[in-house]
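A look at the structure
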Amino acid sequence: MAHTFLSLLVLLLTIFTLNPTVKCASRVRAYVEQQCRPTLYTNLCIRTLLPFVSKSNAPNPEQLTRISLTTCLIKARLTKAYVNTVAQEFNKTKNARYYEAVTDCLSQINDGVNQITQSLKEQKRMAHDAEKYFSWHESNVQTWVSTALTDVTTCLDRISDKAIGGKEKGRIKARVLNVKHLASNALALFNRFASRHRGSRRVKTP
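Definitions and limits used
- Residues numbered from 1 in each chain as written.
- Predicted model: local features only at pLDDT ≥ 70, side-chain atom pairs only at ≥ 80, totals over all residues.
- Heavy atoms only, no water.
- Helix = DSSP H or I, 4+ residues; strand = E, 2+ residues; numbered from the N terminus.
- Buried < 20%, exposed > 50% of the residue type's maximum accessible area, 1.4 Å probe, protein only.
- Contact = heavy atoms within 4.5 Å.
- Areas by Shrake-Rupley, 256 points an atom, 1.4 Å probe, with all protein chains shown as cover.
- Expected span 1.5 Å × (residues − 1).
- Phe/Tyr/Trp six-rings, centres within 6.5 Å; stacked < 30°, edge-to-face > 60°.
- Lys NZ or Arg CZ within 6 Å of the ring centre and 35° of its normal.
- Salt bridge = Lys/Arg side-chain N within 4 Å of Asp/Glu carboxyl O.

Summing up its helical and strand segments, the protein has 7 helices and 0 strands in all. Tracing the protein from N to C terminus, the helices and strands come up as α-α-α-α-α-α-α. When the 206 residues of the protein are sorted by exposure, 47% land in the buried category. Counting contacts in the protein only where the partners sit at least 6 residues apart, residues at least 24 apart contribute 78% of the total. Of the accessible surface of the protein, which amounts to about 11000 Å², a share of 54% is contributed by carbon and sulfur atoms.

Put into structure tokens, the structure is as follows:
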């Protein structure tokens, strides 16, 4: 897992260092706010992207989408690790009802991690393939991120109501909601990038 996190951080740093310039410092936040307008969780989007934008660094919409997806993946994996720890604790204390609810949630998070991982890989392929494959890659990313959103929502359903109680419920919910919001923002940023790319390149819909 440590190797995976390192690889994701290297990807973020690569995106961060190889970009054009935002000419005025006062425009840095305005640039990020403009990019985040299509998202549902605008403040979270700004907090996610702002560290990667400066006077000497202005990632383009495609790169901002990749940053957003990578951040979501990192948070999803951390959440998966945390929920797994909680599940093991419930198993040790022989709390069968809580253990079942949390392991069901964990299964959904694990699937969500896989979906986001596939989405990130697909976006990388999109950057290297010919324009004629753009729509195919676009559809795959949209499908996988949407599925990840369904997965984390199902996880929340598994621990809702009286399925699990105590402080752990609140902690799991907060972490899973954060992943859900990050995934929602990533999908919105991707859709904005794809729509503008399609318009500028006249990519045909199959």
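Its 32 residues place the ends of helix α4 (residues 61-92) 47 Å apart at the C-alpha level, agreeing with the 46 Å of an ideal helix rising 1.5 Å per residue. Count one or two residues on from α4 and you reach Lys94, which has phi positive near 60°.

Going through the model one piece at a time under the given rule, you end up with 3 aromatic pairs. Between Phe134 and Phe193 the ring centres are 6.1 Å apart and the planes differ by 65°, which places this aromatic pair in the edge-to-face class. Pair noted here: Phe134 is in helix α6 (residues 134-158) and Phe193 is in helix α7 (residues 167-201), with a separation of 59 residues, a long-range link. It is Arg175 that lies over the ring of Tyr82; its NZ or CZ is 3.9 Å from the centre.

A word on the pattern of salt bridges. In this structure the tally under the stated criterion is 5 salt bridges. A salt bridge links Glu122 to Arg125; its shortest N-O distance comes to 2.6 Å. Of the two residues, Glu122 and Arg125 both sit in helix α5 (residues 96-128), 3 residues apart, roughly one turn of that helix. Here Arg125 falls in the partly exposed class, since its relative accessible area comes to 37%. Note that Glu168 and Arg171 form a salt bridge whose closest N and O atoms lie 3.7 Å from each other. Residue Glu168 and its partner Arg171 are both found in helix α7; the two are separated by 3 residues, about one turn of the helix. Given the relative accessible area of 37%, Arg171 is considered partly exposed.

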